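Chains, contacts and geometry: an overview
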2 protein chains.
Amino acid sequence: MDPRVREHAQTLVEWSARIEPGDDVVVSVGEGAHALGVAVAEKLGDVGANYHAVYSSSEMNRAYLRAHDGEFDESPAFKHSLYKQADSVLSLRGTRNTSAAADVSEDTQQAYGKARGELREARMDTDWVSTVHPTRALAQQAGMSYETYCNFVYDAILRDWSTLADEMAKLKSILDDGREVTIRKESDGTELTMSIDNRTAVNSAASVAYNSHNLPSGEVFTAPCATEGEVTFDVPMTVRGTQLRDAWLAFEDGEVVDWKASQGTDVLSSIIETDDGASRLGELGIGMNHGIDRVTDQILFDEKMGGTVHLALGRAYDANLPDGESGNNSAVHVDLITDMREAGTELTVDGDLIQRNGFFRWEDKF
Amino acid sequence: MDPRVREHAQTLVEWSARIEPGDDVVVSVGEGAHALGVAVAEKLGDVGANYHAVYSSSEMNRAYLRAHDGEFDESPAFKHSLYKQADSVLSLRGTRNTSAAADVSEDTQQAYGKARGELREARMDTDWVSTVHPTRALAQQAGMSYETYCNFVYDAILRDWSTLADEMAKLKSILDDGREVTIRKESDGTELTMSIDNRTAVNSAASVAYNSHNLPSGEVFTAPCATEGEVTFDVPMTVRGTQLRDAWLAFEDGEVVDWKASQGTDVLSSIIETDDGASRLGELGIGMNHGIDRVTDQILFDEKMGGTVHLALGRAYDANLPDGESGNNSAVHVDLITDMREAGTELTVDGDLIQRNGFFRWEDKF
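Residues numbered from 1 in each chain as written. Chains lettered and ligands numbered in written order. Predicted model: local features only at pLDDT ≥ 70, side-chain atom pairs only at ≥ 80, totals over all residues. Heavy atoms only, no water.

For chain A, an unreviewed UniProt entry supplies the name Aminopeptidase and the organism Halovenus rubra.

And the structure:
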């Protein structure tokens with residue numbers, strides 16, 4: 001076994017999920033995640049937790065959904081009680097074919113998703129963590145050889161999370177105290193100002209102890225409003241199966257008033273026109289994971305990349321909002337990413353320069 | 001997909017487990033049983049049942065057990081409630097390595113097994129069915145090529161179960177009405193008489209409707225007592241890792257009084273000397289599955305082989321006993337098999353010839 005698989009399991013069980021002796025842990029194993037499943041089982045045995053392994057098979061799921069008449073029972077009790085009583089749910093993703101469910105109709109997927117609402121909630125009420133085991137299918141999706149993809153994934157996952165969490169705490173503190181964020185990029189004319197007054201930033205340090213449920217993670221995010229100005233997103237991505245490149249948005253009074261893209265303008269339009277909230281920002285995220293050093297068109301990695309900033313059109317997260325405030329609401333939440341690692345970029349909070357050319361002031365001593 | 005995988009799934013879901021719309025079904029998928037898992041999921045979708053896939057990984061289990069300190073929690077509630085609420089549990093066995101857990105200590109395995117007693121009971125209270133998907137590891141254990149092993153397994157599983165169940169019902173009726181069974185083999189001097197008075201035979205037709213929980217099955221069995229005479233078991237088998245050949249037992253007053261074997265006498269002795277019940281018979285089984293045409297040293301198949309008879313030293317099954325009677329009790333239940341398909345063999349009930357040279361009277365018209 002690649003020793004990094006064991007390190008991954010240790011990071012997941014100890015840092016991310018904080019599993020303790022006697023904990024009841026559901027381990028959901030993707031079709032291609034067997035090796036990580038074995039390493040996680042070993043670690044859970046070592047800690048003295050109880051485990052129940054779920055087989056998360058996209059091929060079984062596809063076969064079931066295609067054969068079913070589409071009238072699904074609501075969150076069957078036998079499954080619900082499993083998740084309701086679990087302390088933690090560890091999802092070890094790792095598909096053998098990213099298109100495994102490509103021939104299941106959108107209607108069926110939606111109906112099934114809807115019928116599983118209570119199951120999802122029960123799972124979200126546990127100390128859940130999602131992570132990914134590198135597979136050849138995921139390497140292919142990222143356009144990388146398997147060996148290089150493995151290196152990429154482990155560089156992102158096997159961080160010194162405690163040190164990174166401390167660094168991210170600095171930024172969280174600045175954002176929590178701040179009232180206004182501005183980002184500028186000379187190269188493309190980006191100059192965008194957002195209010196973050198009264199919002200609380202989340203230190204997404206890949207641990208339930210930080211209310212952060214993905215491994216890898218490594219970003220600090222908050223919920224902006226009253227956005228003014230314009231911004232270009234130079235990190236290419238696939239949205240709803242369509243290439244989106246150089247998306248450009250212009251904001252007035254917090255709302256998108258004009259937009260274009262060098263490729264994929266139609267999909268950008270369809271996102272923005274989904275509902276009222278889709279033309280407002282739900283998230284400002286600042287990537288701080290320097291283990292992620294390239295774009296792979298997998299949002300879980302791209303948006304955490306050190307030196308990038310992402311903004312999401314649509315729904316805001318409750319964790320960023322004052323109690324009782326609902327924030328921006330929408331059926332969508334689409335992240336768009338801009339790379340700050342070039343000369344002439346700035347990120348300021350209340351006029352103070354926090355990041356320059358992609359480096360924070362505590363990195364670059366300015 | 002081999003079309004027989006779908007037929008297997010259909011037999012399992014329809015004939016064996018009798019799954020109905022809305023049933024809550026746990027599907028336990030062995031490491032090598034993915035293809036059958038997909039076919040079963042498809043069938044369950046078609047029927048309109050709910051399913052929860054468990055990953056039954058011997059490698060995860062081994063890693064967990066080896067790392068654990070051995071003080072296991074008793075049947076954790078989150079797992080218990082899953083099985084307690086399930087209508088059916090379908091176990092799709094199919095290992096990738098029959099020695100996957102060879103380096104887990106006997107003590108640990110026993111302690112873990114003991115701690116899972118309530119889980120096992122909850123599972124046994126459902127309409128559970130165990131079956132096996134052919135894997136290369138199982139082919140290797142059987143000493144067969146993969147293709148030949150697949151043919152062997154599907155010949156055993158894809159029977160006309162309804163017709164076989166009717167045939168087995170004839171034998172059950174004879175055994176239920178009968179008081180004494182005798183088996184004779186001229187070739188090796190076997191002449192054994194057992195009382196089956198007041199015992200109820202089980203028609204093991206691979207369906208929960210017949211209180212039969214293995215697919216394949218195909219035997220009729222009862223609980224004999226007051227055994228007299230001697231018997232030789234000419235079907236070779238591996239018991240506790242040791243080759244046992246030509247085991248010979250002599251009975252007086254229901255008890256083994258002398259024994260020997262051409263190979264493996266020590267393991268035979270250790271079985272018989274386990275406890276009081278281990279020197280008495282717990283089961284007389286008559287194999288009626290003619291899809292099984294050769295010995296593979298896998299007891300699930302061997303003991304169902306048409307034309308064979310097996311006797312088990314040790315524990316009797318409750319289903320064979322009158323209400324309130326406990327029958328032979330022992331920590332062991334070891335099946336030993338003799339092949340009746342040769343000239344000069346007889347199986348009689350109360351003196352009536354039921355089977356001759358391995359053929360029943362309704363097969364051979366005598």
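**As for the interface of chain A and chain B**
Put simply, the rule reads: The contact criterion used is simple: two residues touch if any of their non-hydrogen atoms lie within 4.5 Å. Accessible area that two parts lose when put together, with a 1.4 Å probe and added across both, is what the buried area reports. Take a side-chain nitrogen of Lys or Arg and a carboxyl oxygen of Asp or Glu: if they are within 4 Å of each other, that pair is a salt bridge. Polar contact is the term for a pair of N or O atoms within 3.5 Å; when the atoms are in protein, one must be able to donate a hydrogen and the other to accept it, and sequence-neighboring residues count only if both atoms are side-chain atoms. Where helices and strands are cited, they refer to DSSP runs of H or I of at least four residues and of E of at least two residues respectively, numbered from the N terminus. Residues are grouped as follows: nonpolar covers Ala, Val, Leu, Ile, Met, Phe, Trp, Tyr, Cys and Pro; charged covers Asp, Glu, Lys and Arg; every other residue, Gly included, is treated as polar.
Residue-level contacts link 43 residues of chain A with 43 residues of chain B. The contact between chain A and chain B buries some 3,600 Å² in all, and 62% of this surface belongs to carbon and sulfur atoms. Counting the surface chain A buries against chain B, the share from its top three residues, A:Tyr51, A:Met60 and A:Phe78, is 22%. Applying the counting criterion to the chain A and chain B interface returns zero salt bridges. Counting across the interface, chain A meets chain B through 19 residue pairs in polar contact (both at pLDDT 80 or more). Mapped onto the side of chain A that touches chain B, the elements with two or more residues apiece are strand S1 (24–30), helix H2 (34–47), strand S2 (50–56), helix H3 (58–67) and helix H4 (77–85) of chain A. Broken down by element, the side of chain A that touches chain B gets its largest block of residues, eight residues, from H2(A). A per-class count over the side of chain A that touches chain B returns 22 nonpolar, twelve polar and nine charged.

**Remarks on the relation of the copies chain A and chain B**
Selection criterion: Here the copies were fitted onto each other by least squares, based on C-alpha atoms from residues at pLDDT of at least 70 in both.
Its rotation angle being 179 degrees, the transformation that places chain A on chain B also includes 0.0 Å of axial translation and leaves an RMSD of 0.2 Å. Seen this way, the second copy is the image of the first under a two-fold rotation axis.

**A few points about the pattern of salt bridges**
On inspection of all chains with the given rule, the structure shows 36 salt bridges over all chains. With a shortest N-O distance of 3.0 Å, A:Arg184 and A:Glu346 are connected by a salt bridge. Residue A:Arg184 is located in strand S5 (residues 180–185), and its partner A:Glu346 is located in strand S18 (residues 345–349); the two are separated by 162 residues in the primary sequence. Of the charged contacts, one joins B:Asp339 and B:Arg341 as a salt bridge, the two residues approaching to 3.0 Å between their closest N and O atoms. What emerges from the salt-bridge pattern is a single network uniting A:Glu14, A:Lys43 and A:Asp46.

**Structural notes on the domain arrangement of chain A**
Residue and element names in this part refer to chain A. To be explicit about the condition: Domain start and stop positions are those given by an automatic or database domain assignment.
Entries for chain A in the domain assignment read domain 1 (3–157) and domain 2 (161–364). At the interface, 25 residues of domain 1 touch 22 residues of domain 2. Here domain 1 meets domain 2 over a buried area of about 1,900 Å², counting both sides, of which 62% is carbon and sulfur. By the criterion of area lost to domain 2, the three top residues of domain 1 are Trp15, Phe152 and Ala156, representing 35% of everything that side buries. Considering every element that reaches the side of domain 1 that touches domain 2, the biggest residue donor is helix H8 (residues 146–157), with seven residues. Class assignment of the residues belonging to the side of domain 1 that touches domain 2 gives a composition of 14 nonpolar, seven polar and four charged.

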